[in-house]
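Residue-level structure breakdown
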Amino acid sequence: MNLRQMELFHAIMRTGSITAAARLLNVTQPAVSAGLKHCETQLKMKLFERVSGRLQPTPEAEALFPEIEGIFAKVEAVGHLTKDLQGGRLGNLSIAAGFPMANSFVAQALSGFLAQRPRLRVTVQALTSQQVINQVVNREAELGIIYEPVVSEAIETEKLAQARLACIMRPDHPLARLREIRIRDLAGQPLITYLPQAMLRAHVDHAFSRAGFVPDIVAQVDRSITGAMMARYGAGIALVEPFLVSALETPHLVARPLRPAIEIGVLLIRNRAAPRSRIGDAFVAHLKTLLRQRGTHK
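What this report covers is the structure whose coordinates are included nearby. Predicted, not measured: the structure shown is a model, and the values here were computed from it. (Residues numbered from 1 in each chain as written. Predicted model: local features only at pLDDT ≥ 70, side-chain atom pairs only at ≥ 80, totals over all residues. Heavy atoms only, no water.)

Here we come to the overall build of the protein. Per the secondary structure count, the protein includes 11 helices and 13 strands. For the protein, the spread of C-alpha atoms along the three principal axes comes to 100 × 40 × 25 Å. Within the protein, the proportion of its 298 residues that are buried is 42%. Residue pairs at least 24 apart in sequence account for 74% of intrachain contacts in the protein once pairs closer than 6 positions are excluded. When the accessible surface of the protein is split by element, carbon and sulfur atoms take 52% of a total near 15,900 Å². Treating the 36 positive side-chain charges of the protein as one cloud and the 25 negative ones as another, the clouds have centres 5 Å apart. (Helix = DSSP H or I, 4+ residues; strand = E, 2+ residues; numbered from the N terminus. Buried < 20%, exposed > 50% of the residue type's maximum accessible area, 1.4 Å probe, protein only. Contact = heavy atoms within 4.5 Å. Areas by Shrake-Rupley, 256 points an atom, 1.4 Å probe, with all protein chains shown as cover. Lys, Arg positive; Asp, Glu negative; His and termini not counted. Charge placed at Lys NZ, Arg CZ, Asp CG, Glu CD.)

As structure tokens, this is what we get:
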């Protein structure tokens, strides 16, 4: 039996008649009758007998049916699999992101994304900017999310959001009563900010230089969360990006916007030569929706 003959046989067995099988397959009744006759001639055995005007499967047909039913169950499974792949509900997605983004809005976006796609498997790495770039260049991660700038011919970039450094402090700090904090308000305050080699530190130094005073930096950190935790324990005000603090929603810390703003672009990066997956595109769309709701989308 070829696949077409199996399809005819399967339809007749499922529906119990030539007419119903023709409707199921969207073909004419004579076409089904002719196909069945040709199949029986080829097999040299009867598959159906007419009993009181109705088709009755022969013992040979009953023996064949479980095997053919199994074949069409697999065909149906392939159809479902194809639809899942088309809709980005199945497969694997690899993401590399800077530590603050990976542990804040990326984690939030993935939670909702996975809830709609229980068969999807995701790999997420929280890395330095250069490590994220390397992962994307080497095709070890399909998507990368880091702060600008990115200089690499192998990478294509898209601006996702605009981040702003903020003043992170305890809620009982005297400056916490202000709705926003000016650079000059930080004069004489013990500050915690990034290490000199950190990309964001240059933005901080430039802001104080324009304000015309030297800040009292008591601690330098490589990660925003470290600065925030030091502020939580009273070491001073952390001048860092607030993604993690807003994600943690801790009552022990507050974030106040800084004026003038110190802004940094958040970039989505992909390997220019790598094909895009439907899952990756679906996640990017989901992530943009989340960022738009948060008011941080570009």
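The next point concerns the environment of Ala107. Here Ala107 shows up in helix α6 (residues 105-115). On the basis of relative accessibility, which here comes to 39%, the residue Ala107 falls in the partly exposed class. Between the C-alpha atom of Ala107 and that of Val124, which follows or precedes it by 17 residues, the distance is 8.7 Å.

Space inside the largest pocket adds up to approximately 390 Å³. Lining the largest pocket are 16 residues, with Thr128, Ser129, Tyr147, Ala198 and Asp222 sitting closest to its centre. Its residues placed into classes, the lining of the largest pocket shows eight nonpolar, five polar and three charged. (1 Å grid on protein atoms, 1.4 Å probe; cavity = no way out; pocket = protein on both sides within 12 Å on 5 of 7 lines; lining within 4 Å. Points joined across faces, edges and corners; volume = space filled by probe spheres on them. Nonpolar A, V, L, I, M, F, W, Y, C, P; charged D, E, K, R; others polar.)

For the coordinates displayed, the defined rule picks out five aromatic pairs. Ring centres 5.3 Å apart and planes at 85° place the aromatic pair Phe208 and Phe213 in the edge-to-face group. The residues Phe208 and Phe213 share a single accessibility class, namely buried. Through successive ring pairs, a cluster of aromatic residues spans Phe9, Phe48 and Phe65. The ring of Phe99 carries the charged tip of Arg223 above its face, separated from the ring centre by 4.6 Å. (Phe/Tyr/Trp six-rings, centres within 6.5 Å; stacked < 30°, edge-to-face > 60°. Lys NZ or Arg CZ within 6 Å of the ring centre and 35° of its normal.)

Further remarks concern the pairing of strand β7 (residues 166-169). Residues in a regular strand project their side chains so that they alternate between the two faces of the sheet. Where burial is concerned, the two faces of β7 agree: the one with Ala166 and Ile168 and the one with Cys167 and Met169 are both buried. Sheet topology places β7 next to strand β11 (residues 237-240); three bridges connect them, and they run antiparallel. Residue pairing across strands places Cys167 opposite Leu239, the latter belonging to β11. In this sheet, strand β12 (residues 254-259) lies alongside β7 in antiparallel orientation, the contact comprising four bridges. Paired with Cys167 across the two strands is Arg256, which belongs to β12. (Pairing = 2+ DSSP bridges.)

So, on to the side chain of Glu40. Structurally, Glu40 is set in helix α3 (residues 29-43). If near-sequence neighbours (up to four positions away) are discounted, Glu40 is found in contact with Met45, Lys46, Leu47 and Phe48.

A separate point is the pattern of salt bridges. Counted under the stated rule, the structure contains 10 salt bridges. Put simply, Lys288 and Glu158 hold a salt bridge, and the shortest N to O gap is 2.4 Å. With Lys288 in helix α11 (residues 278-294) and Glu158 in strand β6 (residues 155-164), the pair connects residues that are 130 residues apart, well separated along the chain. A salt bridge links Arg164 to Glu263, with the nearest nitrogen and oxygen atoms 2.8 Å apart. (Salt bridge = Lys/Arg side-chain N within 4 Å of Asp/Glu carboxyl O.)

A few words now on the packing of helix α2 (residues 18-25) against α3. Packed helix pairs are specified by the crossing angle of their axes together with the interaxial distance, meaning the distance between the axes. Packing of α2 against α3 brings their axes to within 8 Å, and their N-to-C directions diverge by 110°. With respect to each other, α2 and α3 are oriented roughly perpendicular. Facing Ile18, Thr19, Ala21 and Ala22 of α2, the residues of α3 in contact are Gln29, Val32, Ser33 and Leu36. Residue composition of the contact of α2 with α3, grouped by class: five nonpolar, three polar and no charged. (Axes fitted to C-alpha atoms, helices over the stretch in contact; angles between N-to-C directions. Parallel < 35°, antiparallel > 145°, perpendicular 65-115°, else oblique.)

Once that is clear, we can look at α6. Taken as a whole, α6 has its buried residues at Phe105, Val106, Ala109, Leu110 and Phe113. One face of α6 carries all of its buried residues, which in axial projection span an arc of 130°. Exposed side chains of α6 directed beyond 90 degrees from the buried face belong to Ser111 and Ala115. (Arc of directions from axis to C-beta.)

Just distances and angles here, no functional claims.
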